[in-house]
Amino acid sequence: MTLVLQYVPFSSMIEPSFWHKVSENKLNVYGLDDQPRQIKGFYYNGDPGGIAPMLTIDYAALDINDKVPPRRLVSHGVLKIMNTVEAFKECDKKLLLASLGNEIWNDIKSGAALKDPSLLSRFLLLTYPDLKKYHFFYWFASPCLLAPESVMLNKPPCQLNQRFNTEQIVSLLASYDNYQAQQHQFQNYFLLTEEADRISVQDIGSIKEILLDNKKLLVGFCDPSNLDANPGWPLRNLLTLLAYHCAQDLQEVEVVCFRDRSRKGQREFNHSLVLSLNLPSIAELTDTPKVVGWERNERNKLGARMTDLSATMDPKRLAESAVDLNLRLMRWRLMPDLRLDDITATKCLLLGSGTLGCNVARNLMSWGIRHVTFVDNARVSYSNPVRQSLFTFEDCLDGGKPKAEAAANALKRIFPGVKSEGISLSIPMPGHSLSSSVEEQVEKDVRQLEQLIHDHDAVFLLMDTRESRWLPTLIAAAHQKIVINAALGFDTFLVLRHGVKSGEMTSIPATSSSCSAEGLPGSQLGCYFCNDVVAPGNSMRDRTLDQQCTVTRPGVSMIASALAVELLISVLQHPKGANAAADTSAHEDNLTKEAESSLGLVPHQIRGFLSRFHQILPAGQAFDKCTACSNTVLDHYRQEGFEFLRRAFNEPLYLEELTGLKQMQQETLEAEVWDLSEEEEFSSMEAE
């Protein structure tokens, strides 16, 4: 009685770690590139009984040079990622499988599979990853050639100890272990020669030489199946190889389906099968045989499967990956040169946690910035939550929570992956004199502010008063930090970046041209105080309530905050960074190649007029008599430290005298007097 040999197909075992790696590579490396990619999987011939043969694909599958785990058998795979679910459904799956089957057939015909029999074990993974929902649609195939189309058993399969005696089994195991130990990786396929009680394991590539020696030859493979009468899927392509190269000399062949498992510390192998087969020759076959191998789904039908990882992933990791999705998608088509790592690594210090501070922080998180520190000395009041987007009514109760702390906690509630801290701190200001009782505390506050600015990469000045911006401007200039300043009027706003001086700045006279044809270099740009001809003073003195509060159209803060963040990101993406030249025209025809970043132009200032829905982009040079960033002020600050600051706080005219502003004012007044005198003298002469 003859029996048709039947095989047990592989079931795919795709670990969640593989899908995480696919997601990461899809977003950061592949983008829309849907070219097939080489991957690897592995299977095992030692699984416990009752488990279907598994081909495992794990996190290391994409590194084809990495070894598979010990005692595992490699399978060479192709990963085909589709960009849409429609493409996944409609692609020619028959053609994909046939293409991989053709590679196996060519390796058999050329003899490459004799030299490296692992080429007989292949698989295909067709997938569409839905990265918004973390749903992964896939269809797995392990291609096998139907040549010969049917293989007949001479007799029912028997177990290993029914075919070999004890001495032969001991010899077989010793030779098998020695053979595998000498290999670079475990071999899927091998040969056995039988001489009396001695069984030797050899490379399958030596089959023709062994046949010439007329030795008793058996063919072996590592069998992932556990069924009593059916070998695993890897045998099919091995039989095709033998039928093409050796069937004329090997019409009857014995196959050892070697199964090697450990249970309760004991090695088990007697459940291995020995098959006796009739093998017809296919040496005359030229065309690629028919290929089968698509996996059946859970309903036992030929069709795709879906893995849902959204429920099993750590919510924080899900959030982190999801919030970066928009940024990574930008690089697929729109901005392949976008350097997201430069943005993510930037530490931002927000001085002011009010309307501007809240909105700036939200926009920074949208751009992927993960380190945001708030500084403020106020508490949340009942008027704040409707205008300041990080606060709620509960933050106002019991006298109000500290603004900086409440803002930082709100950011972490929105996205736990952000590193955010709130610091309650008063910023000393010129024009606000210090009493001896507070001088020690003010000095501590200054030291803390200096350390904060030193520890961050970019500083946002978002306070209510003009003079509160002076000390951070000075310290940031001394530490060469990027400073973004945003200030609001009722229906106007100003957003500007301060110049970051590279070393000693050459003194720039007030009358010099404000911008060259190529744009002012970033090192020559003025700060917030460079247009002032007086030192900053107490702007809150003798002010009514509407003058003390920032009264502004609600949308102005949103606009200014967004522009402030976008200005920082444009600076970070520019090839010259903070030294990027200032663009002054929004017309693309006027943009120089050197001045433009991957995100577009990088202006010095953005002045907006909401009443006319209009913006202009002026640029101004640093003023050599500036009370905040001139060389004179910076030198005194570096040399004298807090003593210099104490005089600036207590003596209203000190900064004007130090920088020469007072002398300039006096010279201007004298020039006006002389001009007036000359006009009077000329008039009297005409009368005469």
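Residues numbered from 1 in each chain as written. Predicted model: local features only at pLDDT ≥ 70, side-chain atom pairs only at ≥ 80, totals over all residues. Heavy atoms only, no water.

**Considering the side chain of Ser276**
- Take Ser276: it is sitting in strand β16 (residues 273–278).
- In this structure, Ser276 is in contact with Met152, Leu153, Asn154, Lys155 and Val253, ignoring residues within four places of it in sequence. (Helix = DSSP H or I, 4+ residues; strand = E, 2+ residues; numbered from the N terminus. Contact = heavy atoms within 4.5 Å.)

**Some words on the side chain of Asp47**
- Within the fold, Asp47 resides in the loop between β3 (37–43) and β4 (54–57).
- Buried and unpaired, Asp47 has Arg72 as its nearest opposite-charge partner, separated by 5.8 Å.
- Contact partners of Asp47, with chain neighbours within four places excluded, come to Asn226 and Arg261. (Buried < 20%, exposed > 50% of the residue type's maximum accessible area, 1.4 Å probe, protein only. Lys, Arg positive; Asp, Glu negative; His and termini not counted. Salt bridge = Lys/Arg side-chain N within 4 Å of Asp/Glu carboxyl O.)

**Re the packing of aromatic side chains**
- The tally for this structure, following the rule as stated, stands at 15 aromatic pairs.
- With a centroid separation of 6.1 Å and 20° between ring planes, the pair formed by Tyr128 and Phe137 is classed as stacked.
- By relative accessible area, which is 15% here, Tyr128 ends up buried.
- In this structure an aromatic cluster arises from ring pairing among Phe18, Trp19, Phe136 and Tyr138.
- Arg37 extends its terminal NZ or CZ atom over the ring of Tyr30, reaching a point 3.8 Å from the ring centre.
- For Arg72, the ring lying beneath its charged end belongs to Tyr44, and the centroid distance is 3.8 Å. (Phe/Tyr/Trp six-rings, centres within 6.5 Å; stacked < 30°, edge-to-face > 60°. Lys NZ or Arg CZ within 6 Å of the ring centre and 35° of its normal.)

**Let's talk about the sheet that holds strand β21 (residues 419–424)**
- Spatial ordering of the open sheet is given by β21-β20-β19-β22-β23-β24-β25-β26, a layout of eight strands whose pairing is mixed. The open sheet has two edge strands, β21 and β26 (614–616), and neither has a second partner. Each neighbouring strand pair of the sheet contributes to a mean axis angle of 15°, computed without reference to strand direction.
- Contacts from helix α17 (residues 554–573) reach β19 (347–351), β22 (458–461), β23 (482–488), β24 (492–497), β25 (605–609) and β26 within the one sheet, and its direction differs from that of β24 by about 15°. (Pairing = 2+ DSSP bridges. Axes fitted to C-alpha atoms, helices over the stretch in contact; angles between N-to-C directions.)

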